[in-house]
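Spelled out, the chains give:
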Amino acid sequence: MTIVAIHRKKITVVGAGFTGATTALMLAQKELGDIVLLDIPQLENPTKGKALDMLEASPVQGFDSSITGTSSYEDAANSDIVIITAGIARKPGMSRDDLVSTNAGIVRTVCENVKKYCPDSTVIILSNPVDAMTYAAYQALGFPKNRVIGQSGVLDTARYCTFIAQELNVSVEDVRGFVLGGHGDDMVPLVRYSSVGGIPIDTLLSKERIEAIVQRTRVGGGEIVNLLGSGSAYYAPAASLVQMTEAILKDKKRVLPVIALLEGEYGYDQLFMGVPVILGGNGIERIFELELTADEKAALDKSADSVRNVIKIVQG
Ligand SMILES: NC(=O)C1=CN([C@@H]2O[C@H](COP(=O)(O)OP(=O)(O)OC[C@H]3O[C@@H](n4cnc5c(N)ncnc54)[C@H](O)[C@@H]3O)[C@@H](O)[C@H]2O)C=CC1
Ligand SMILES: O=C([O-])CC(=O)C(=O)O
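Residues numbered from 1 in each chain as written. Chains lettered and ligands numbered in written order. Predicted model: local features only at pLDDT ≥ 70, side-chain atom pairs only at ≥ 80, totals over all residues. Heavy atoms only, no water.

1. With respect to the overall build of the protein chain
Helix and strand counts for the protein chain stand at 10 helices and 14 strands. In terms of overall dimensions, the protein chain is globule-like: its C-alpha atoms have a radius of gyration of 19 Å, near the 20 Å expected for 316 residues. In the protein chain, which comprises 316 residues, the proportion classed as buried is 51%. A separation threshold of at least 6 residues defines the contact pool for the protein chain, and within that pool the share at least 24 residues apart is 69%. Here the protein chain has roughly 14400 Å² of accessible surface; of this, 52% comes from carbon and sulfur atoms. Charge centroids of the protein chain, computed over 30 positive and 37 negative side chains, lie 1 Å from each other. (Helix = DSSP H or I, 4+ residues; strand = E, 2+ residues; numbered from the N terminus. Rg over C-alpha atoms; globule rule 2.2 N^0.38 Å. Buried < 20%, exposed > 50% of the residue type's maximum accessible area, 1.4 Å probe, protein only. Contact = heavy atoms within 4.5 Å. Areas by Shrake-Rupley, 256 points an atom, 1.4 Å probe, with all protein chains shown as cover. Lys, Arg positive; Asp, Glu negative; His and termini not counted. Charge placed at Lys NZ, Arg CZ, Asp CG, Glu CD.)

Have a look at this one:
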């Protein structure tokens, strides 16, 4: 009998806080690979404890992924995917941009280790302000641009689609749309490309109702921050990271909005921002450049300016 070795995928989640731990559990539940959950040495025992607790859910839920808690990058060696959630989260009254200096330092330190221990990995960044943190990661990693990807658009689009489904009392499964631009309050939900069961939403909802949904989407992260009172969203962010990871590991060639390095697309150069891409086995395989109206382009320019200003802080 010939035994064929099957290579199990390895996924490291750096940062074992709210988003990191939730992501690790969701990844394991979907059996996307073996999971390493990594945090700082001072939190090694709690990280091991979270991982063991998740593992002990596996007989009940019937998943066969291993989950290892650690503070050592040796345990993360040769991961296929590394997800970076390390950093501080905002509190009510703060903007994501207020986190920039602290999190840029953390993301750089993490990326130096990722570069050393996981040189062939595809890296997904969640830490905020995420457009600028994706830039910082790209600089520190030195990886090709297709393997450095930021998470914003999947989450922002999920919020947008949730609100549309609620408004029309229809299944979320039938709502399509996406959000372009930076992960800030001037992100650009594209109404013209939004539909329900193929029906454009501007034929179903008034201008005022659509504007209210667009505005609620833009401040969707802040709505959760204010409700939680401390910390920020983690269930929907984790679900978004899992969708991106699945697209890459299964080479699904999903069309999703993610943060990518723009080199001339949409008229922007050397800017990381949310755009629709094909996400597959090679990471970002293609960027779709859409025709925009003058109003849409003006809104995207405003969002790009905000991202550029934060990137300037990272550049020092
Ligand atoms: N891009 C997006 O759509 C979203 C971004 N975020 C961002 O994700 C980040 C994490 O959020 P949460 O998990 O809620 O925060 P959290 O505070 O619960 O967890 C962060 C974890 O990172 C760890 N950490 C700090 N420095 C580290 C280092 N050098 N190496 C390894 N781990 C380190 C901390 O010990 C902590 O356990 C925040 O910056 C937040 O703003 C959160 C939700 C959505
Ligand atoms: O709002 C925050 O600080 C966390 C985040 O990016 C989001 O939930 O969209």
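Moving on from the coordinates now.
2. Here's the deal with the state of the cysteines
Applying the stated criterion across every chain, the model contains zero disulfides. Cys 111 carries a free sulfur, and the closest cysteine sulfur to it, the one in Cys 118, is 11 Å from it. Residue Cys 118 is classed as buried on the basis of its relative accessible area of 1%. (Disulfide = S-S within 2.5 Å.)

3. Focus on the side chain of Ser 240
Structurally, Ser 240 is set in helix H9 (residues 235-249). The exposure class of Ser 240 is buried, given its relative accessible area of 4%. Beyond its immediate chain neighbours, meaning those up to four positions away, Ser 240 contacts Gln 151, Val 154 and Leu 155.

4. Details of the site of ligand 1
Taken together, 26 residues lie around ligand 1, and Phe 18, Thr 19, Asp 39, Ile 88 and Gln 151 are the ones closest in. Between ligand 1 and Asp 39 there is a distance of 2.6 Å, counted from an oxygen atom to a side-chain nitrogen or oxygen. A distance of 2.9 Å separates an oxygen atom of ligand 1 from a polar side-chain atom of Gln 151. In isolation ligand 1 exposes 860 Å². Once the protein is present, 87% of that is buried. Going through the elements one at a time, helix H1 (18-29) and helix H4 (100-117) are the ones with two or more residues in the shell around ligand 1. Ranked by residues supplied to the shell around ligand 1, first place goes to H4 with three residues. Of the residues contributing to the shell around ligand 1, the split by class is 15 nonpolar, 10 polar and one charged. (Near = heavy atom within 4 Å. Polar contact = N/O pair within 3.5 Å; in protein donor to acceptor, adjacent residues only side chain to side chain. Nonpolar A, V, L, I, M, F, W, Y, C, P; charged D, E, K, R; others polar.)

5. Overview of H9
For H9, spanning 15 residues, the distance from its first C-alpha to its last is 21 Å, which sits close to the expected 21 Å at 1.5 Å a residue. With respect to burial, H9 is a largely interior element, 11 of its 15 residues being buried. All of the buried residues in H9 are Pro 237, Ala 238, Ser 240, Leu 241, Val 242, Met 244, Thr 245, Glu 246, Ala 247, Ile 248 and Leu 249. One or two positions beyond H9, positive phi appears at Asp 251, with a value near 45°. (Expected span 1.5 Å × (residues − 1).)

6. A closer look at the pairing of strand E14 (residues 283-287)
For strand E13 (residues 269-280) and E14, the ladder comprises four bridges, and the chain directions are antiparallel. What sits directly across from Leu 279, in E14, is Ile 284. In textbook terms, the turn of a hairpin is the stretch between consecutive antiparallel strands, and for E13 and E14 this stretch comprises two residues. (Pairing = 2+ DSSP bridges.)

7. With respect to unusual backbone geometry
Pro 129 follows Asn 128 through a cis peptide bond whose omega is -5°. For Pro 129, the position within the fold is in the loop between strand E5 (122-125) and helix H5 (130-141). The backbone of Asn 78 shows a phi angle near 60°, a positive value even though the residue is not glycine. For Asn 78, the position within the fold is in the loop between strand E3 (67-70) and strand E4 (81-84). We classify Asn 78 as exposed; its relative accessible area is 56%.

8. Regarding the site of ligand 2
Around ligand 2, the surrounding shell consists of Arg 90, Arg 96, Asn 128, Leu 155, Arg 159, His 183, Gly 221, Val 225, Ser 232 and Ala 233. Contacts to ligand 2 include Arg 96, whose side-chain N or O atom sits 2.8 Å from an oxygen atom. One of the side-chain N or O atoms of His 183 is found 2.7 Å from an oxygen atom in ligand 2. With the chains in place, 94% of the 260 Å² that ligand 2 exposes on its own is no longer accessible. Of all the secondary-structure elements, those providing two or more residues to the shell around ligand 2 are helix H6 (153-168) and helix H8 (220-228). Here the residues of the shell around ligand 2 are counted per class, giving three nonpolar, four polar and three charged.

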